[in-house]
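Secondary and tertiary structure notes
Spelled out, the chains give:
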Amino acid sequence: ETEEEAKLKAARTDDLIRMRPKAFSALGSFKQKTNFMKDNIKQAIDNISGWSTAYGAMLQGWPRTQAQALGTLLTTIKANVGFQALQEMRANSPTGGALGQVSERELAYLQATLGDIGQTQDGAILAQKLKALQAQIEGMHGRLQQAYDMTFRPLTEAEGGDGNQYTTRAPV
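Okay, so let's go over this structure. (Residues numbered from 1 in each chain as written. Predicted model: local features only at pLDDT ≥ 70, side-chain atom pairs only at ≥ 80, totals over all residues. Heavy atoms only, no water.)

The subject of this paragraph is helix 1 (residues 3-46). With 44 residues, helix 1 extends 62 Å between its outermost C-alpha atoms, agreeing within 8% with the 64 Å of an ideal straight helix rising 1.5 Å per residue. Along helix 1, the largest kink reaches about 40 degrees and is centred on R20; proline P21 follows within four residues of it. (Helix = DSSP H or I, 4+ residues; strand = E, 2+ residues; numbered from the N terminus. Expected span 1.5 Å × (residues − 1). Bend = angle between axes of the 7 residues up to and from the residue.)

We now examine unusual backbone geometry. The backbone of A54 shows a phi angle near 50 degrees, a positive value even though the residue is not glycine. Of note, A54 is situated in the loop between helix 1 and helix 2 (66-92). Judged by relative accessible area, A54 falls into the partly exposed class, the value being 29%. (Buried < 20%, exposed > 50% of the residue type's maximum accessible area, 1.4 Å probe, protein only.)

Here we come to the pattern of salt bridges. It is possible for side chains of opposite charge to pair when their charged atoms get near one another. Here the structure, examined in full by the defined rule, presents 3 salt bridges. Across the pair E3 and K7 runs a salt bridge whose closest N-O atoms are separated by 3.7 Å. Of the two residues, E3 and K7 both sit in helix 1, 4 residues apart, roughly one turn of that helix. Exposure remark for E3: the relative accessible area of 59% places this residue in the exposed category. Across the pair D46 and K42 runs a salt bridge, and its minimum N-O distance is 2.9 Å. Note that D46 and K42 are positioned in helix 1 at a spacing of 4 residues, about one turn of the helix. Taking relative accessible area as the criterion, D46 reaches 48% and is therefore assigned partly exposed. (Salt bridge = Lys/Arg side-chain N within 4 Å of Asp/Glu carboxyl O.)

What follows deals with the packing of aromatic side chains. Applying the stated criterion to the full structure yields 2 aromatic pairs. Centre to centre, the rings of F24 and Y148 are 6.2 Å apart; their planes meet at 50 degrees, and the pair counts as tilted. Taken together, the residues F24 in helix 1 and Y148 in helix 4 (residues 123-158) connect sequence positions 124 residues apart. By relative accessible area, which is 15% here, F24 ends up buried. Using a relative accessible area of 5% as the deciding quantity, one classes Y148 as buried. The structure contains a cluster of three or more aromatic residues connected by ring pairs, namely F24, Y148 and F152. (Phe/Tyr/Trp six-rings, centres within 6.5 Å; stacked < 30°, edge-to-face > 60°.)

Dropping the structure here:
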């Protein structure tokens, strides 16, 4: 290894050391959000019945009904999907804020990026779509963890992987 290569390697290591705490925190935050989403999806699936979907969705305005509980969960899920899509777009923007104001209609489109989860559709179809959404969320979670591991593995290996606070597995 030449002196120039050693300097580049040292600079790369320094960059990774500086980036790791923020990346570790972001990964932990993402895991918390995905666990919250998965819990909401599971609860939504558990609340699917003839009394809460299709024609039963008309009962959504009635307090303490299964339809009202499902409607609230679906609203939370849609909001999280929409805001996650917005956050992704802003993160991928060169200035971080190139989107400007987002209209309600545009937000509705963003919320539908991972599939329509309307309460008025057939319960079996809604359950299928929610399970597909859950699989997509788990896939994103796995890919993000893999990217973190691949990026910071050289540091972990150099440190001996001996219980350093930034192990390759961020907190769940």
